[in-house]
Amino acid sequence: MMIASEIETAIRAAIGPQEDFVALHEPTFQGNEWEYVKECIDTGWVSPVGSYVDQFEEKIAEYTGAERAVAVNNGTAALKVGLRLVGVEEGDEVLVPALTFVATANAVSYLGATPHFVDSERRTLGVDPDRLDTYLDRTTEMRGEACYNRETGRRIRAVVPMHTFGHPVDLDRLADVCDRYKLEMVEDAAESLGSTYKGNHTGNWGRCAALSFNGNKTITTGGGGAIITNDPALADRARHLTKVAKKDHPWEYNHDTVGYNYRLPNINAALGCAQLEQLPLYLENKRRLAERYSEEVDRIDGVTFVDEPEFGRSNYWLNAIMLSAEKAHRRDDVLAQLNDHDLMSRPAWKPMHWLPMYEDCPRMDVSVAEAVYERLLNIPSSVFL
Ligand SMILES: *Cc1c(COP(=O)(O)O)cnc(C)c1O
């Protein structure tokens, strides 16, 4: 049988009979969503001022084990504000995976800084700490407590690990690298709500982390995000900055810096509160689906299911399969057949240095990211498959 048909058969065996088009990841609303959203409308509390925002922040902090959470209007805004708060400024470089959704690099660019692309590890698909260490050792110099790119002369201020499809990066090893080169870590945990590293929730290793609740993520607020942190002062600054930097006062408009209007509306937070109640069930289902996929897909010669690394637990946000190097040239045939047959499937993101606005950015050898792009496919991953 052709590989595309073998993969289709495996997917169908894992998800069972389906009448309609099967999306990559569609939201599910079967809990208190309607009740909470309706309450916002009935009471008029729809804007960013309202009790669901406070509740949502408390519940996100509690669930992730972070001391504080600040809800914002999307994950990209959370990243941008997080980077600004750890000191990223115009002219800096920030280490970003070549293999990520474009928002990670864009958040750096919005601050006038330059993304500097780093390679992935095959096992986690995320930043490879050992190879990053070797690369920084060879290409940077320390001046006091600051790390400089010898080639560009720019300061390398921070690194943004991203937990790809929910699989945690090796955070302890990366934290060591950050210590050695005095880099701030801001985790892009947009895909990893519910994923843990050595028993603790991802997002707790960086100074702060960004979560996303976009419509295709594990839980959704329609659009939304959060900054989580264990640094209360940073959380206070994040809240201030995302509320147009308005100083508290009963009537005066007084702003002390150029802030942002990045708040999450109450109506979205209401959706988020209801979704969070469902999260444990979602994670259970996603794990079971991943197990079924793994069983079916690993039978195929030249195809492997992308499993969680041994040091962590993935939320299996998006399931992924990897073609062997020999089968890589069939990737587009597989994509065409699956999509034609109503099984939505996507390749990994095109590596950042292949996008026109980022092609001249500094980068290490990113051949693993390139190979992953050539060989990986995401397959249907909604909660109730
Ligand atoms: C979804 C996502 C984001 C951005 O989140 P939005 O809420 O869509 O702005 C950032 N980084 C990664 C890796 C993502 O998958």
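Residues numbered from 1 in each chain as written. Predicted model: local features only at pLDDT ≥ 70, side-chain atom pairs only at ≥ 80, totals over all residues. Heavy atoms only, no water.

1. Notes on the pattern of salt bridges
One pass over the structure, following the stated rule, counts 25 salt bridges. The partner of Arg131 in a salt bridge is Asp128, with the nearest N and O atoms 3.9 Å apart. Among the residues examined, Arg131 registers a relative accessible area of 27% and is labelled partly exposed. Among the residues examined, Asp128 registers a relative accessible area of 9% and is labelled buried. Within the structure, one salt-bridge network assembled from shared partners comprises Glu121, Arg123, Asp130, Asp170, Arg173 and Glu310. (Salt bridge = Lys/Arg side-chain N within 4 Å of Asp/Glu carboxyl O. Buried < 20%, exposed > 50% of the residue type's maximum accessible area, 1.4 Å probe, protein only.)

2. Topic: the sheet that holds strand 13 (residues 312-313)
Spatial strand order, 9-8-13: 3 strands in an open sheet with antiparallel pairing. Looking along the sheet, the strands with just one partner apiece sit at the ends: strand 9 (200-201) and strand 13. With 2 bridges joining them, strand 8 (residues 196-197) and strand 9 adopt antiparallel strand pairing. Its bridge partner being in strand 9, Thr196 is matched across the sheet by His201. (Pairing = 2+ DSSP bridges. Helix = DSSP H or I, 4+ residues; strand = E, 2+ residues; numbered from the N terminus.)

3. Some thoughts on unusual backbone geometry
The phi torsion at Leu125 lies on the positive side, around 70°, for a residue other than glycine. As for its placement among the helices and strands, Leu125 is situated in the loop between strand 3 (114-118) and helix 6 (129-139). Look at Leu125 and you get buried, because its relative accessible area is 0%.

4. A look at the packing of aromatic side chains
Aromatic ring pairs are described here by two measures, namely the spacing of the ring centres and the angle between the planes. The tally for this structure, following the rule as stated, stands at 11 aromatic pairs. Consider the rings of Tyr282 and Phe384, whose centres lie 6.3 Å apart with planes at 90°: the pair is edge-to-face. Placement of Tyr282 in helix 9 (residues 266-297) and of Phe384 in the segment after strand 16 (376-379) is noted, with a sequence separation of 102 residues between them. We classify Tyr282 as buried; its relative accessible area is 1%. Put simply, the rings of Tyr197, Trp205 and Phe311 pair up and form one aromatic cluster. Seen from the ring of Tyr148, Arg143 lies directly overhead, with NZ or CZ sitting 3.9 Å from the centre. Taking NZ or CZ as reference, Arg331 lies 4.8 Å from the ring centre of Tyr373, over its face. (Phe/Tyr/Trp six-rings, centres within 6.5 Å; stacked < 30°, edge-to-face > 60°. Lys NZ or Arg CZ within 6 Å of the ring centre and 35° of its normal.)

5. Section: the domain arrangement of the chain
One widely used convention gives an interface's size as the accessible area the parts lose upon coming together. According to the domain assignment, the chain consists of domain 1 (2-29 + 278-347) and domain 2 (33-277). A separation of 28 Å is found between the C-alpha centroids of domain 1 and domain 2. Opposite the 25 residues of domain 1 that make contact, domain 2 presents 30 residues. Among the residues of domain 1 in contact with domain 2, Leu279, Phe311 and Trp317 are the three that bury the most area, contributing 32% of the side total. (Domains from an automatic or database assignment. Contact = heavy atoms within 4.5 Å. Buried area = accessible area lost by both parts, 1.4 Å probe.)

6. Looking at the site of the ligand
Neighbouring residues of the ligand: 15 residues in total, closest Gly75, Thr76, Glu191, Ser212 and Lys217. Residue Gly75 places a main-chain N or O atom 2.7 Å away from an oxygen atom belonging to the ligand. Side-chain polar atom of Lys217 to an oxygen atom of the ligand: 3.3 Å apart, as the coordinates give it. Relative to its unbound accessible surface of 380 Å², the ligand loses 92% to contact with the protein. Of all elements in the fold, only helix 4 (75-85) and helix 5 (103-110) reach the threshold of two or more residues within the shell around the ligand. For the shell around the ligand, the class distribution of residues is 4 nonpolar, 8 polar and 3 charged. (Near = heavy atom within 4 Å. Polar contact = N/O pair within 3.5 Å; in protein donor to acceptor, adjacent residues only side chain to side chain. Areas by Shrake-Rupley, 256 points an atom, 1.4 Å probe, with all protein chains shown as cover. Nonpolar A, V, L, I, M, F, W, Y, C, P; charged D, E, K, R; others polar.)

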